[in-house]
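Residue-level structural notes
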Amino acid sequence: MEFMIFTGDIVSIHINNEPSAYARVEEITADIKPSWFQVRLLFLGFPTQEVTWILKEDYLDGASFTMKNVPVQIKPLPGPGSAAQAKTPKENPKQKEKVISLETVRKKKTKRPEKN
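As a starting point, this report considers the structure included with it. (Residues numbered from 1 in each chain as written. Predicted model: local features only at pLDDT ≥ 70, side-chain atom pairs only at ≥ 80, totals over all residues. Heavy atoms only, no water.)

Here we look at the overall build of the chain
Counting its secondary structure elements, the chain contains one helix and six strands. Ordered by position from the N terminus, the helices and strands of the chain form the series β-β-β-β-α-β-β. In the chain, which comprises 116 residues, the proportion classed as buried is 32%. Nonlocal contacts in the chain, meaning residues at least 24 apart in sequence, comprise 38% of its contacts between residues at least 6 apart. In the form shown here, the chain has an accessible surface area of approximately 8,300 Å², with 52% of it arising from carbon and sulfur atoms. (Helix = DSSP H or I, 4+ residues; strand = E, 2+ residues; numbered from the N terminus. Buried < 20%, exposed > 50% of the residue type's maximum accessible area, 1.4 Å probe, protein only. Contact = heavy atoms within 4.5 Å. Areas by Shrake-Rupley, 256 points an atom, 1.4 Å probe, with all protein chains shown as cover.)

Here we look at the nonpolar core
Ranked by size, the top nonpolar core spans 18 residues in total, and within it Val39, Leu41, Trp53, Leu55 and Ile74 carry the most contacts. Breaking this core down by element, the ones donating at least two residues are strand 1 (10–15), strand 2 (18–30), strand 3 (36–43), strand 4 (49–56), helix 1 (57–60) and strand 6 (70–76). The leading source of residues in this core is strand 3, at four residues. Once residues lying within four places of it in the same chain are set aside, the contact partners of Trp53 are Ile13, Phe37, Gln38, Val39, Leu41, Phe43, Phe65, Met67, Val72 and Ile74. (Core = buried A, V, L, I, M, F, W, Y, C linked by side-chain atoms within 4.5 Å.)

A word on a nonpolar patch on the surface
On the surface, a cluster of nonpolar side chains totalling about 260 Å² of accessible area is made up of Ile10, Tyr22 and Leu44. When you line up the elements, Ile10 lands in strand 1. (Patch = residues over 30% accessible without salt bridge, like charges linked within 9 Å, V, L, I, M, F, W, Y side chains within 5 Å. Salt bridge = Lys/Arg side-chain N within 4 Å of Asp/Glu carboxyl O.)

Considerations on the side chain of Gln73
Mapped onto the elements, Gln73 comes out in strand 6. When its relative accessible area of 17% is taken as the criterion, Gln73 is described as buried. A polar contact of 2.5 Å, which involves the side chain of Gln73, links it to the backbone oxygen of Gly62. (Polar contact = N/O pair within 3.5 Å; in protein donor to acceptor, adjacent residues only side chain to side chain.)

Some points on the pattern of salt bridges
What the rule picks out here adds up to three salt bridges. Among the salt bridges present, the one from Arg40 reaches Glu27, with a minimum N-O distance of 3.4 Å. Taken together, the residues Arg40 in strand 3 and Glu27 in strand 2 connect sequence positions 13 residues apart. Across the pair Arg40 and Glu50 runs a salt bridge whose closest N-O atoms are separated by 3.3 Å.

Focus on the pairing of strand 4
In regular strands, side chains alternate between the two faces of the sheet. In this sheet, strand 4 lies alongside strand 3 in antiparallel orientation, the contact comprising eight bridges. Looking at the pairing, Gln38 lines up with Ile54 of strand 4. Taken together, strand 3 and the strand that follows it, strand 4, pair antiparallel across an intervening segment of five residues. (Pairing = 2+ DSSP bridges.)

Re the sheet that holds strand 4
Overall, antiparallel pairing links the six strands, which are arranged 4-3-2-1-6-5 in an open sheet. Edge strands, defined here as strands with exactly one partner in the open sheet, are strand 4 and strand 5 (65–67). Taking the axes of each pair of neighbouring strands and ignoring which way they run, one obtains an average angle of 40° across the sheet. When strand 2 meets strand 3, the two strands line up antiparallel, connected through seven bridges. (Axes fitted to C-alpha atoms, helices over the stretch in contact; angles between N-to-C directions.)

Structure representation (structure tokens):
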């Protein structure tokens, strides 16, 4: 199952197959190792905590991985007003394609509302 996580998405972090924390994806940049990415996450709790994980693209697409032999999985949360399903390009036309190149990084472009 492919989830396609982008910068700005809110995700749930599943530890031992249980939802354990929420985080916002702050930035995804290519790592020095091919096929790996530096993913900066802001954990949404009190206090908030920022971490950078180095992950394969598969892990950003929902594949399970381990940290210190503990199973971990990153899953996107549906946006406001969405059905309780993960986003796919068919459900969200603003996200037109997935970039798979080792040299580029997926980014979600969003417009901020103008202040009056």
